[in-house]
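# Coordinate analysis (summary)
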Amino acid sequence: MILSPLSFLLALFAIPIILLYILRLRRQDRVVSSTFLWRRANGELQANAPWQRLRPSAFLVLQLLILSALVLALARPASMQARVVSGDVIVIVDESFAMQARDVPPSRFGAALEQAHVLAGELGPGTVMSVIGMGPQPHLVLAESNARQAIDSAIDGLSVGTSLPNFPAAFSLASSLARDVGATRVVVLTSHDSGITRPPGPAQFLLEIVRLGGWARDVGIVAFTASRAGGKTEAVLRVHNFGDRLVRPDVDLFVDGLLADVRPLTVAAGKDTNVSWSTLPVSARRLQAHLTVKDDMPADKSVEADMGRSVRRPVVLVTSGDYFLQTALSLDPAVELHVLPPASYLSGRGYPGAVVVFDGILPDAFPNSPTFLIDPPTGHVGPLRFGAARFASGITSAATGGLLRYVDLSDVRLTRVRASLLPDSLSPLAVTGPLTLIAAGEVGGTRTALISFDPRRSNWPLLFSYPIVIHNLLEFLAGASPDHVSAAIPRRLSFVAGPQQQQFGHTRTSTVRTEHQPVDLAWIFGLAALLIVTFEWWYALRR
Amino acid sequence: VNAGAADDGALIDPSFGFDDAFLRRLEQLALRSRRPVVGPRAGPRRSPQHGSSVEFADFRQYLPGDDFRRIDWNAYARLDRLFLHLFSAEQMTSLTLFLDHSRSMGFGEPPKALASGRLAAILAYIALHRYDRVKVVGWARAVDCELPVRGGKGAIASTWKGIADVMSARDGNTDFDALRDYCRRRRDPGLVIVLSDFLTDSNWQGGLHALQASGKEVSVVQVLAPDELQPEMRGDWALVDAENGARVEVTVSPGLLRRYAEELASHTAALRDYCGQQGMGFVQISSAAICGDRWIEDGVLTLLREAGMVG
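Residues numbered from 1 in each chain as written. Chains lettered and ligands numbered in written order. Predicted model: local features only at pLDDT ≥ 70, side-chain atom pairs only at ≥ 80, totals over all residues. Heavy atoms only, no water.

In terms of regular secondary structure, chain A is built from ten helices and 27 strands. Looking at chain A as a whole, 47% of its 543 residues qualify as buried. Here the contacts in chain A between residues at least 6 apart in sequence split such that 66% fall between residues at least 24 apart. Working note: accessible area of chain A is about 25,900 Å², and carbon and sulfur atoms make up 57% of it. (Helix = DSSP H or I, 4+ residues; strand = E, 2+ residues; numbered from the N terminus. Buried < 20%, exposed > 50% of the residue type's maximum accessible area, 1.4 Å probe, protein only. Contact = heavy atoms within 4.5 Å. Areas by Shrake-Rupley, 256 points an atom, 1.4 Å probe, with all protein chains shown as cover.)

Next up, the structure:
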């Protein structure tokens, strides 16, 4: 940046300098016996005119360079550099799954804790430190303390999980903790592949993001599903290679604690490989899969599925026919599916203990059961009102936790969405512009879920997220807490969150912050001007 | 500002300020010729022609009409054939001094005109004292002054005065084509010494070649002022040529002075090489070496000896 831009006007002095080279110098006459040798030595004859053609001149170039350097020096160019603040420190420690990677000894999380301890040791007198654990729901571990023992204890109390970091929430929490924004330093200790590179909003304090680790060697289990069908048990395992090299691990499958199968795999860098077992004994109650490979991420090598639960939940699907929805429900072994055509549905009849799913129709009144509305037509039921369908293209925002945990809806492409007027007791989970796409909550004391568009008119049923969302919403309607829906997942469908991005390299990135301190660079150009003047003087003498 | 310029047209003392001791030294010298000379009259110098000196040269058979006094009667007695004694002819030579009296010769401290005149006076004294004949020709744009040929010691004073008059009258620019025109009219043999600063664009090779082609034995003396050999000015100047008024704007810097010295050396080398190739004597003399406080008699005479002009 330029601190004194008006100084560029001094560049106009280039005009008189050039004029001096165009105007002929009025010289004193000196009669000599002959100009014969002088003409040959001078190399040129000059006409007796007030003007002359501008000739290439080393002196002109040097003088223009001197002027340029002086003008730049007076304009006071400066580079913006973050101001190092010796004040309060807020440490945000990433507790996400990716911090378990061991490409940094002892692990990324361990290295983060070490750095947090170092920061604690650098606290100045009168300054305080706060510690925030950054999981899916950031939590304040220690607030504004300068007691070293308490700080170290708080740091050591942090633990790494299997979730993704929620940086916007952690950043918001840190913003609320900053006492003196001008003297507060927020240090984010996160993994290199967390995607956290800049603040989610304006930072009024010095924000330093330290990304730990690099290109982790990691091949892990990303999905494991098991089901009983046709008198046998089937299981499918998906393995993803997050590293940059081909890996050949083995998968060990244990059935009720006994090794049942070992499969060698070949997983290319960045690719998935699926393994399936279709002839497992129908009596199997507990399946365990273990990936035998040693890499930087030991936490994603094992998964298990509990097949012991046999209680099935009745689900009444009122539909004119939806293959995708029906398949998604029937694949869930915990669901006892009853399909009714709309004409057979009786509003007055109760379905105690069942979840009623209305697909493409709107009942006259809510049944006395948890209700799941999918693609309702124009009309109203209870306090819910549905208007005309509107064009939509994609999902503009979606919740990241709770019922949509582990779900990526960014690839979903829509065509039409039903406009709706919903009570506040229904929380939007995904929206497109002002329109609610997915919502869940309670209406009149009964759990209700809503998908306000026809999934068949989108690509969603083809995506992995579709059966998960259907499952999660059914779990919610069946009485599970929204924050604990995932706890029910491993029973039949297990997911292990892996690194989401492939950005590596052992780097330490210190960024961001709107407040910077200009460092004046005028001396560089002043020195350059002095050097050029010296060179010109030497050149003139030599010439 | 006419730094280094002599007063144009200032009279030169016809005596040139030589003392008797110096003149006695000059009397011990003689002009040297690189080949036998053919002169108009008998004199002390060997001639390629056979004449009446006492120095035997050759025999040849008698032809009717030959002088009986030169018949070798002893040979006739032995061989019964008539042979004639041939003796070398000794003739006086003619020295022509071509004096450049253009405006440029008036410059320098001491002036090149004065130095050139003193040198011409020395050469004329040596020649006249040895009974050679001396002719003085002054030229600038053209040959505009041609003194009559003089011989004998008695002509020394008048010759010196003529030289002084020529060098006192400075006009025009040096043009060597004037020498070519002169040679078309005068083809008399003899020694020729050209005194000039040679700071000219004119065809000096053509002028010198014309002199040599007309049967003369040519020697060249380049007279330069100390300020021309080593200029001492600095700064920005508009140099005005004294002869043609041409202006050259210069910023005199060490670099320009270095290039000037290179050009002077190149010009002098060209002159020396040409004279060497054509069998001409050449010498470059600073006016300070001939005139004023820095007058060095031995130095000048040594230079003339080394150039083969006197001995």
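Moving on, there is more to tell.
The interface is formed by 24 residues belonging to chain A together with 39 residues belonging to chain B. The three residues of chain A that bury the most area against chain B are R30, S33 and W38 of chain A, which together make up 26% of that side's buried surface. Seen at the junction of chain A and chain B, the total is four salt bridges. The partner of D29 of chain A in a salt bridge is R247 of chain B, and the shortest N-O contact between them spans 2.7 Å. Inspection of the region where chain A meets chain B yields twelve residue pairs in polar contact (both at pLDDT 80 or more). A breakdown of the residues in the side of chain A that touches chain B according to their chemical character gives nine nonpolar, seven polar and eight charged. Where strand β1 (residues 28-32) of chain A meets strand β9 (residues 235-241) of chain B, five bridges bridge the pair, whose relative direction is parallel. The residue bridging V32 of chain A from the neighbouring strand is D241 of chain B, located in β9 of chain B. (Buried area = accessible area lost by both parts, 1.4 Å probe. Salt bridge = Lys/Arg side-chain N within 4 Å of Asp/Glu carboxyl O. Polar contact = N/O pair within 3.5 Å; in protein donor to acceptor, adjacent residues only side chain to side chain. Nonpolar A, V, L, I, M, F, W, Y, C, P; charged D, E, K, R; others polar. Pairing = 2+ DSSP bridges.)

Take the environment of A157 of chain B next. One can find A157 of chain B in helix α4 (residues 156-168). Along the primary structure A157 of chain B and Y125 of chain B are separated by 32 residues, whereas in three dimensions their C-alpha atoms are 9.1 Å apart.

Take a nonpolar patch on the surface next. Residue and element names in this part refer to chain A. Judged by side-chain polarity, L6, L9, L12, I15, L19 and L23 come together as a nonpolar surface patch covering roughly 600 Å² of accessible area. Assignment of secondary structure puts L19 in helix α1 (residues 14-22). With relative accessibility at 36%, the residue L19 sits in the partly exposed group. (Patch = residues over 30% accessible without salt bridge, like charges linked within 9 Å, V, L, I, M, F, W, Y side chains within 5 Å.)

Before going further, it helps to spend a moment on unusual backbone geometry. Residues other than glycine predominantly adopt negative phi, and peptide bonds predominantly adopt the trans conformation. Each neighbour pair has its own omega, and for P105 of chain A with P106 of chain A the value is -5°, a cis peptide bond. Residue P110 of chain B is bonded to the preceding E109 of chain B through a cis peptide linkage, with omega at 0°. Note on placement: P110 of chain B falls in the loop between β3 (94-100) and α3 (112-129). The phi angle at R76 of chain A is positive, at roughly 55°, despite the residue not being glycine. Mapped onto the fold, R76 of chain A is located in the loop between α3 (58-75) and β2 (78-82). Unlike most non-glycine residues, D256 of chain A shows phi in positive territory, near 50°.

Residue and element names in this part refer to chain A. Under the counting rule described, the total for this entry stands at 23 salt bridges over all chains. Its salt-bridge partner being D322, residue R456 comes within 3.7 Å of it at the nearest N-O pair. Residue R456 is found in the loop between β25 (446-451) and α8 (465-477), and its partner D322 is found in the loop between β15 (313-319) and α7 (323-330); the two are separated by 134 residues along the sequence. Residue classification places D322 among the buried positions, given a relative accessible area of 2%. Counted as one network, the salt bridges with shared partners bring together D218, D295, D300 and K301.

Residues and elements named next belong to chain A. Here we have five strands laid out as an open sheet, ordered β5-β4-β3-β6-β7, and mixed in their pairing. Every other strand in the sheet has two partners, leaving β5 (139-145) and β7 (206-212) as the edge strands with one partner each. When the angles between neighbouring strand axes are averaged without regard to direction, this sheet yields 15°. Sheet topology note: the strand β4 (residues 129-134)/β5 ladder contains four bridges and is antiparallel. (Axes fitted to C-alpha atoms, helices over the stretch in contact; angles between N-to-C directions.)

To continue, consider the nonpolar core. Counting residues in hydrophobic clusters, the biggest one holds 49 residues, and the most contacted among them are L26, L95, L97, L99, I163 and V221 of chain B. The greatest single-element share of this core, amounting to twelve residues, is contributed by α3 of chain B. Once residues within four sequence positions are removed from consideration, L26 of chain B is found in contact with I122, Y125, I126 and L301 of chain B. Grouped together as the second largest cluster of nonpolar side chains are 38 residues, I374, V407, F453 and L474 of chain A included. (Core = buried A, V, L, I, M, F, W, Y, C linked by side-chain atoms within 4.5 Å.)

What follows is about the packing of aromatic side chains. Given two aromatic rings, one states the distance between the centres and the angle between the planes to describe the pair. One pass over the structure, following the stated rule, counts 21 aromatic pairs over all chains. With a centroid separation of 5.8 Å and 35° between ring planes, the pair formed by F453 of chain A and W460 of chain A is classed as tilted. Considered together, F453 of chain A and W460 of chain A belong to a single accessibility category, that of buried residues. When the centroid spacing of 6.1 Å and the interplanar angle of 45° are considered together, the rings of Y62 of chain B and F68 of chain B count as tilted. What makes F68 of chain B exposed here is its relative accessible area of 55%. Put simply, the rings of F16, F18, F22, Y125 and W160 of chain B touch in pairs and so form one group of aromatic residues. Over the aromatic face of W237 of chain B sits the side chain of R30 of chain A, whose NZ or CZ is 5.2 Å from the ring centroid. (Phe/Tyr/Trp six-rings, centres within 6.5 Å; stacked < 30°, edge-to-face > 60°. Lys NZ or Arg CZ within 6 Å of the ring centre and 35° of its normal.)

With that out of the way, let us pick up the confidence of the model for chain B. All names here are of chain B. Residues of chain B with pLDDT of at least 70 account for 84%, and the chain-wide mean is 81. Long-range and interchain partners of residues 1-9, a stretch whose pLDDT sits below 50, account for 22 contacts in this model, where long-range means more than four residues apart. Model confidence for the complex is summarised by a pTM of 0.43, with the ipTM given as 0.76. (pLDDT = per-residue confidence, 0-100.)

All names here are of chain A. What helix α5 (residues 148-156) keeps buried is the set I151, D152, A154 and I155. An end-on view of α5 places all buried positions within 160° of arc, on one side of the element. Of the surrounding secondary structure, the elements contacted by the buried residues of α5 are α4 (108-121), β4 and β5. (Arc of directions from axis to C-beta.)

A word on empty space enclosed by the protein. All names here are of chain B. Evaluated as defined, the whole model comprises two cavities of 30 Å³ or more. When its volume is computed, the second largest cavity comes out at roughly 60 Å³. Lining the second largest cavity are ten residues; nearest its centre among them are R32, L191, I193, S219 and M309. The dominant element in the lining of the second largest cavity, judged by the number of residues it contributes, is strand β7 (residues 190-196), at three residues. Considering only residue class, the lining of the second largest cavity consists of six nonpolar, one polar and three charged. (1 Å grid on protein atoms, 1.4 Å probe; cavity = no way out; pocket = protein on both sides within 12 Å on 5 of 7 lines; lining within 4 Å. Points joined across faces, edges and corners; volume = space filled by probe spheres on them.)

Attention now moves to the side chain of R418 of chain A. Residue and element names in this part refer to chain A. Residue placement: R418 occurs in strand β22 (residues 416-421). For the buried R418, which has no salt bridge, the nearest side chain bearing the opposite charge is D375, at an N-O separation of 4.7 Å. Those residues in contact with R418 that lie beyond four places of it in its chain are P376, P377, T378, F386, G387, A388, A389, T436 and S452. (Lys, Arg positive; Asp, Glu negative; His and termini not counted.)

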